[in-house]
2 protein chains.
Amino acid sequence: MEAEAFRTAAREMIDYVIDYLEGIRDRRVLPTVEPGYMRGMLPEEAPREPEPWSAVLSDIERVIMPGVTHWHSPHFHAFYPTANSYPGILADILSGAIACIGFTWQSSPACTELEMNMMDWLGKLLALPKEFLFCSGGKGGGVIQGTASEATLVALLAAKARTVKAVKAQHPEWNEASIAGMLVAYTSEQAHCSVERAGMLGGMKMHLLETGESLTLTGAKLEEAVKEDLARGLIPCYVVATLGTTTTCAFDDILSIGPVCEKFGLWLHIDAAYAGAAFICPEFRHLLNGVEYAESFNFNPHKWMLVNFDCSALWFKDASLVVDAFNVDPVYLKHDQQGVVPDYRHWQIPLGRRFRSLKLWFVFRLLGVEGIQENVRKHVRLARRFHRLLLEDPRFSVPFPPAMGLVCFRLEGSNERSKMLLNLIRESGKIFLVPGGVKETFFLRFSICARTTTEEDVDFAWREIQSLADQVAPDV
Amino acid sequence: MEAEAFRTAAREMIDYVIDYLEGIRDRRVLPTVEPGYMRGMLPEEAPREPEPWSAVLSDIERVIMPGVTHWHSPHFHAFYPTANSYPGILADILSGAIACIGFTWQSSPACTELEMNMMDWLGKLLALPKEFLFCSGGKGGGVIQGTASEATLVALLAAKARTVKAVKAQHPEWNEASIAGMLVAYTSEQAHCSVERAGMLGGMKMHLLETGESLTLTGAKLEEAVKEDLARGLIPCYVVATLGTTTTCAFDDILSIGPVCEKFGLWLHIDAAYAGAAFICPEFRHLLNGVEYAESFNFNPHKWMLVNFDCSALWFKDASLVVDAFNVDPVYLKHDQQGVVPDYRHWQIPLGRRFRSLKLWFVFRLLGVEGIQENVRKHVRLARRFHRLLLEDPRFSVPFPPAMGLVCFRLEGSNERSKMLLNLIRESGKIFLVPGGVKETFFLRFSICARTTTEEDVDFAWREIQSLADQVAPDV
């Protein structure tokens, strides 16, 4: 495919993409295909010779679209949002053309430097303590990771390396593997499954601490667990606090957790994967108070900040701690600038990296901070509208306080009734919701996700839910 | 930014991208900026209000391009290639618009199913044993990872989980952390630094075994190391063999390594990150003989197969072993299809994933297998041309056999002479090469990288090298 063929094809691809996104409200949000649907639609082997572009373009509707769950439909209310914006797509076109691998500064200086600058812009918007910013001239700075899962694991590995080194210095006769085997991490039982998984993958015991009715981890609960572990001869090391949990958007009490981490020398990592975007609005920034206690802070612009996946923002107060944990330095990667600017390959699990900061740059400039803030505020307004509608119908209850763009709700009565309602919603396929469970309570999560969701879409979803609730018998 | 503004901007972005790629030969391949160059060119904070597209577009040349190392310049001969093709960019536009997160089948069935089908297409092209393919109906299959570094780590973690479980079954009284502390992995001293790093991150001792003059790890050397470790009470677990090492493109002897792994029950992972693409050509497929001994095999279509980064292809013979190591299953991710189709989130470190298989599909169809093969063959021909030119000039020597698209060379005499030559090449900036080192020998690596490199570009590079070599005194 040469340049002129690409020019024509790319224009058609762009037109297709616009038609898809502008018309997405009319597509069924959930596909109806069965597992294995695609195999019979494709040849068994790759074609020997090139096919025409028109064949590929027409196969998008034939093969792909029947199996797409439309995450950007205004009727998508499952999980949390994933971002999609025209500026994000524009930036990825440029990133795909430059297609540099930014593992060191020299391998493409612009790739490292734009990332440093964008992470500072973003950090300033969040009013992060200056130790987290490159412009402070200290040891801190930010980096784009692929996902919050990776950020949690990277911070865990850095915490592990720091603690093993410190304990080894005190007890030179202990071997490092046995020190590592004594380390313990802590998080809330409400934390995302990727936090537990980071413990599994990083080989660190992960305590899932109870939260009580508020679903909030407190410093008192953490301190109790830390003291128990110390009494058992274990070595407390790493704490993951969540701001905006996945199930109910609960906020751990970092103002009480922070001082406990300080007292016992634990690495505090704050995961605000979804809710973090809201902190760019002054009225929500107070929810981040306590971040000054953290060694590392992470949130996903690719969730609720209109930057297409993947773009997970992670800051360290002292990046040398992660570099120490990750650094292996062979001769073919050495260059003269080492030490002056970060070599981001030491800040992450993969070695290679795409030019992802272009997405942040384009989104900031083409939407403006006010445009990004307005998207957050609109989602919160729409969630509050849905909450008000729920409160007016006595058949429903709201088991946990709504927060940000999420409202958890259930039918009064047994869990079975809410499960039946969810099944009816799934079968009808007009809107997409997923369930949540906390202890014995089963509920539905209604999450505002698409950039284009309107009041009418919320009302549409509510009418659908109300009408299906009519079909659920009161005594199930 | 609304649809019509995007349509106009996207057309301009496409035109820019075509101008960039078609004119890339005339740009200086290496930038001349100093670290920190960008900070003064950008405002200190993100703009409050949207800026016009024209301002962003014009800043690409002003701010970004001065700091770009042009990986797709035909004068780029550093590292190994990273892929870039028009079909790859087209597919990413679509992927950015669909912007689904494919962590489960249900979260977007097409995302999982196209990946299964493309990994089967690719596996068939490589003539992988059928146990690695989904269409065999067994436990095997392929998955797209971000990078080879992640693939090596994922396989290590799966091997670790398998071995800990097996040892625990034999010795129920041992605790799992202490079993994990006894595990050992093996690779060649020539393996990529990410292999050693996988050991660091995964908490497994990694022996870097000597290779002798051929730079090739053999089964005999591996067996010797395994027996020593067994005698010391350690537990051999995981072996990474490389086909096409980073420094010299050497090939480990998997036909002798495989039986040793079989004999001692070790997990054999084969990393063919760069060279793997060549195995789609029948004349190179013999280099993959022995893959039948592997539990996992990985190569990067994003290097030498015209699929834009990131797309690292990883196959397992028994994927349940990696699922066992990675699986945590909360209620909000449960769905009805579990077990029938893979939930790829259990096959990788991140939870979220982009719709990357579209890139494979577009590249296969728009270039055809023959087009992809021709790119490999052209690179090999061009490397042989460069090798012939070297042999004709007695000032140069070739310390290791050229392989694939890589030729290692040096000036006769001291290492200092070759270092001086490299510095002159860097200062001149017409071509970009990086050095390599094996034991005491310093050399330069000449790698054919761009899709568009021609015989004339190789001759241009050779004249540049010859003329700069004239400036290196014979007695340095």
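For clarity, every value in this text was computed on a predicted model and none was experimentally measured.

Glancing now at the packing of aromatic side chains. Under the counting rule described, the total for this entry stands at 52 aromatic pairs over all chains. Here Trp 71 of chain B and Phe 79 of chain B contribute two aromatic rings whose centre-to-centre distance is 5.3 Å and whose plane-to-plane angle is 15 degrees, an arrangement assigned as stacked. For the pair Tyr 80 of chain B and Tyr 274 of chain B, a centre-to-centre distance of 3.8 Å together with 10 degrees between the ring planes defines the contact as stacked. With Tyr 80 of chain B in the loop between α2 (53–64) and α3 (86–98) and Tyr 274 of chain B in the loop between β5 (267–271) and β6 (296–299), the pair connects residues that are 194 residues apart, well separated along the chain. Its relative accessible area of 6% is what places Tyr 80 of chain B among the buried residues. An aromatic cluster is defined as three or more aromatic residues linked by ring pairs; in this entry it consists of Trp 71, Phe 76, Phe 79 and Phe 432 of chain A together with Phe 103 of chain B. Seen from the ring of Phe 442 of chain A, Lys 419 of chain A lies directly overhead, with NZ or CZ sitting 5.3 Å from the centre.

In this section: the packing of helix α4 (residues 109–125) of chain B against helix α12 (residues 357–391) of chain B. How two helices pack is summed up by the angle between their axes together with the distance between the axes. All names here are of chain B. Running from N to C, α4 and α12 cross one another at 45 degrees; their axes reach a closest spacing of 8 Å. On the basis of their axis angle, the class for α4 and α12 is oblique. Considering how the two elements wind past one another, α4 and α12 form a crossing that is left-handed. Contact residues: Cys 111, Leu 114, Glu 115, Met 118, Trp 121, Leu 122 and Leu 125 in α4; Ser 357, Leu 358, Leu 360, Trp 361, Phe 364 and Val 369 in α12.

In this structure, Ile 64 of chain A together with Ile 64 of chain B are the most contacted members of the largest nonpolar core, which totals 252 residues. Each residue touching Ile 64 of chain A, except ones within four places of it in the same chain, is listed here: Tyr 37, Met 38 and Asp 59 of chain A together with Ile 98, Ala 110, Leu 114, Phe 355, Leu 358 and Trp 361 of chain B. Ala 151 of chain A together with Val 143, Met 206 and Ile 349 of chain B belong to the second largest nonpolar core, which has 78 residues in total.

Residue and element names in this part refer to chain A. Within this structure's numbering, the places UniProt gives as "modified residue: N6-(pyridoxal phosphate)lysine" (unreviewed entry) are Lys 303. With respect to the element layout, Lys 303 can be found in helix α10 (residues 301–304). Owing to a relative accessible area of 21%, Lys 303 belongs among the partly exposed residues under this scheme. Excluding anything up to four places from it in sequence, Lys 303 contacts Tyr 80, Pro 81, Thr 82, Ala 83, Ala 273 and Tyr 274.

Attention now moves to the domain arrangement of chain A. Residues and elements named next belong to chain A. Structurally, chain A comprises domain 1 (3–72), domain 2 (101–354) and domain 3 (375–472). In this structure, domain 2 and domain 3 have C-alpha centres spaced 33 Å apart. Counting residues at the interface gives 20 residues for domain 2 and 20 residues for domain 3. The contact between domain 2 and domain 3 buries some 1500 Å² in all, and 68% of this surface belongs to carbon and sulfur atoms. Counting every contact that joins domain 2 to domain 3 gives two salt bridges. A salt bridge links Glu 189 to Lys 439; the shortest N-O distance between them is 3.5 Å. Along the contact surface separating domain 2 from domain 3 lie five residue pairs in polar contact (both at pLDDT 80 or more). Of the residues in the side of domain 2 that touches domain 3, the class split is 13 nonpolar, five polar and two charged.

With that out of the way, let us pick up the environment of Met 182 of chain A. Residue and element names in this part refer to chain A. Looking at the secondary structure, you find Met 182 in helix α6 (residues 176–182). Residue class for Met 182 comes out partly exposed when judged on its relative accessible area of 22%. The sequence separation of Met 182 and Arg 232 amounts to 50 residues, and the corresponding C-alpha distance is 10.0 Å.

Further remarks concern the sheet that holds strand β10 (residues 434–438) of chain B. All names here are of chain B. With antiparallel pairing, the four strands of this open sheet are ordered in space as β8-β9-β11-β10. Edge strands, defined here as strands with exactly one partner in the open sheet, are β8 (396–397) and β10. Relative to strand β9 (residues 406–411), β8 is paired through two bridges, and the arrangement is antiparallel. Bridging from a neighbouring strand, Phe 396 pairs with Leu 411 of β9.

Residue and element names in this part refer to chain B. The strand order across the open sheet built from seven strands is β1-β7-β6-β5-β4-β2-β3, with neighbouring strands paired in mixed fashion. Only two strands of the sheet have a single neighbouring strand rather than two, namely β1 (141–145) and β3 (205–209). Across the sheet, the mean angle separating the axes of adjacent strands is 20 degrees when strand polarity is ignored. Alignment of strand β2 (residues 183–188) against β3, held across five bridges, turns out to be parallel. Paired with Thr 187 across the two strands is Leu 208, which belongs to β3. Packing against the sheet, helix α8 (residues 219–231) makes contact with β2, β3 and β4 (235–242), and its axis sits at approximately 160 degrees to β2.

If you check α2 of chain B, its first and last C-alpha atoms are 16 Å apart, about what twelve residues at 1.5 Å a residue would give, namely 16 Å. Burial in α2 of chain B covers these residues: Trp 53, Val 56, Leu 57, Asp 59, Ile 60, Val 63 and Ile 64 of chain B. Buried positions in α2 of chain B, seen along its axis, are confined to an arc of 160 degrees and lie on one side of it. Residues of α2 of chain B that are buried make contact with α3 (86–98), α4 (109–125) and α12 (357–391) of chain A together with α1 (3–22) of chain B.

All right, on to the state of the cysteines then. All names here are of chain A. The tally for this structure, following the rule as stated, stands at zero disulfides over all chains. No disulfide involves Cys 449; its sulfur sits 12 Å from the nearest other cysteine sulfur, which is in Cys 249. The exposure class of Cys 449 is buried, given its relative accessible area of 6%.

All right, on to the interface of chain A and chain B then. Taken together, the contact between chain A and chain B spans 138 residues of the former and 138 residues of the latter. Summed over the shared surface of chain A and chain B, the result is ten salt bridges. A salt bridge links Asp 120 of chain A to Arg 39 of chain B; the nearest nitrogen and oxygen atoms lie 3.3 Å apart. For the pair chain A and chain B, the number of links is 50 residue pairs in polar contact (both at pLDDT 80 or more). With 15 residues, the top contributor of residues to the side of chain A that touches chain B is helix α1 (residues 3–22) of chain A. Residues that form the side of chain A that touches chain B fall into these classes: 85 nonpolar, 27 polar and 26 charged.

In this model, Phe 309 of chain A is joined to Asp 310 of chain A through a cis peptide bond whose omega is 5 degrees. For Asp 310 of chain A, the location among the structural elements is in the loop between α10 and β7 (312–316). Phi is positive for Leu 215 of chain B, which is not a glycine, with a value near 60 degrees. Looking at where Leu 215 of chain B falls in the secondary structure, it is placed in the loop between β3 and α8. Residue classification places Leu 215 of chain B among the buried residues on the basis of a relative accessible area of 3%. Despite not being glycine, Lys 439 of chain B has its phi angle at roughly 50 degrees, a positive value. The exposed category is assigned to Lys 439 of chain B, whose relative accessible area is 60%.

This next bit is on the confidence of the model for chain A. Residues of chain A with pLDDT of at least 70 account for 97%, and the chain-wide mean is 95. ipTM for the predicted complex: 0.96, alongside a pTM of 0.96.

For the rest of this paragraph, the subject is the relation of the copies chain A and chain B. When chain A is brought onto chain B, the operation consists of a screw motion whose angular component is 180 degrees and whose axial shift is 0.0 Å, with 0.0 Å RMSD remaining. What the rotation and shift describe, once combined, is the action of a two-fold rotation axis.

Attention now moves to the packing of helix α13 (residues 415–428) of chain B against helix α14 (residues 455–469) of chain B. Residues and elements named next belong to chain B. Here α13 crosses α14 at 120 degrees, and the two axes come no closer than 9 Å. With respect to α14, the axis of α13 lies oblique. In the crossing of α13 with α14, the sense of the turn from one axis to the other is right-handed. Contact residues: Leu 421, Leu 424, Ile 425 and Ser 428 in α13; Glu 464, Ile 465, Leu 468 and Ala 469 in α14.

All right, on to the pattern of salt bridges then. All chains considered together, the criterion is met by 60 salt bridges over all chains. The closest approach of N and O atoms between Arg 377 of chain A and Glu 283 of chain A, which form a salt bridge, is 2.7 Å. Taken together, the residues Arg 377 of chain A in helix α12 and Glu 283 of chain A in the loop between β5 (267–271) and β6 (296–299) connect sequence positions 94 residues apart. A salt bridge links Arg 354 of chain B to Asp 310 of chain B, with the shortest nitrogen-to-oxygen separation between them at 2.7 Å. Of the two residues, Arg 354 of chain B is situated in the loop between α11 (320–326) and α12 and Asp 310 of chain B in the loop between α10 (301–304) and β7 (312–316); the sequence distance between them amounts to 44 residues. There is no split in this pair, since Arg 354 of chain B and Asp 310 of chain B are both buried. Through salt bridges with shared partners, a single network forms among Glu 4, Arg 7 and Arg 11 of chain A together with Asp 15 of chain B.

The rules behind the values
- Residues numbered from 1 in each chain as written.
- Chains lettered and ligands numbered in written order.
- Predicted model: local features only at pLDDT ≥ 70, side-chain atom pairs only at ≥ 80, totals over all residues.
- Heavy atoms only, no water.
- Phe/Tyr/Trp six-rings, centres within 6.5 Å; stacked < 30°, edge-to-face > 60°.
- Helix = DSSP H or I, 4+ residues; strand = E, 2+ residues; numbered from the N terminus.
- Buried < 20%, exposed > 50% of the residue type's maximum accessible area, 1.4 Å probe, protein only.
- Lys NZ or Arg CZ within 6 Å of the ring centre and 35° of its normal.
- Axes fitted to C-alpha atoms, helices over the stretch in contact; angles between N-to-C directions.
- Parallel < 35°, antiparallel > 145°, perpendicular 65-115°, else oblique.
- Left-handed = near helix turned anticlockwise from the far one by under 90°.
- Contact = heavy atoms within 4.5 Å.
- Core = buried A, V, L, I, M, F, W, Y, C linked by side-chain atoms within 4.5 Å.
- UniProt positions renumbered as here; feature names shortened; annotations may be inferred.
- Domains from an automatic or database assignment.
- Buried area = accessible area lost by both parts, 1.4 Å probe.
- Salt bridge = Lys/Arg side-chain N within 4 Å of Asp/Glu carboxyl O.
- Polar contact = N/O pair within 3.5 Å; in protein donor to acceptor, adjacent residues only side chain to side chain.
- Nonpolar A, V, L, I, M, F, W, Y, C, P; charged D, E, K, R; others polar.
- Pairing = 2+ DSSP bridges.
- Expected span 1.5 Å × (residues − 1).
- Arc of directions from axis to C-beta.
- Disulfide = S-S within 2.5 Å.
- pLDDT = per-residue confidence, 0-100.
- Least-squares fit on C-alpha atoms with pLDDT ≥ 70 in both.

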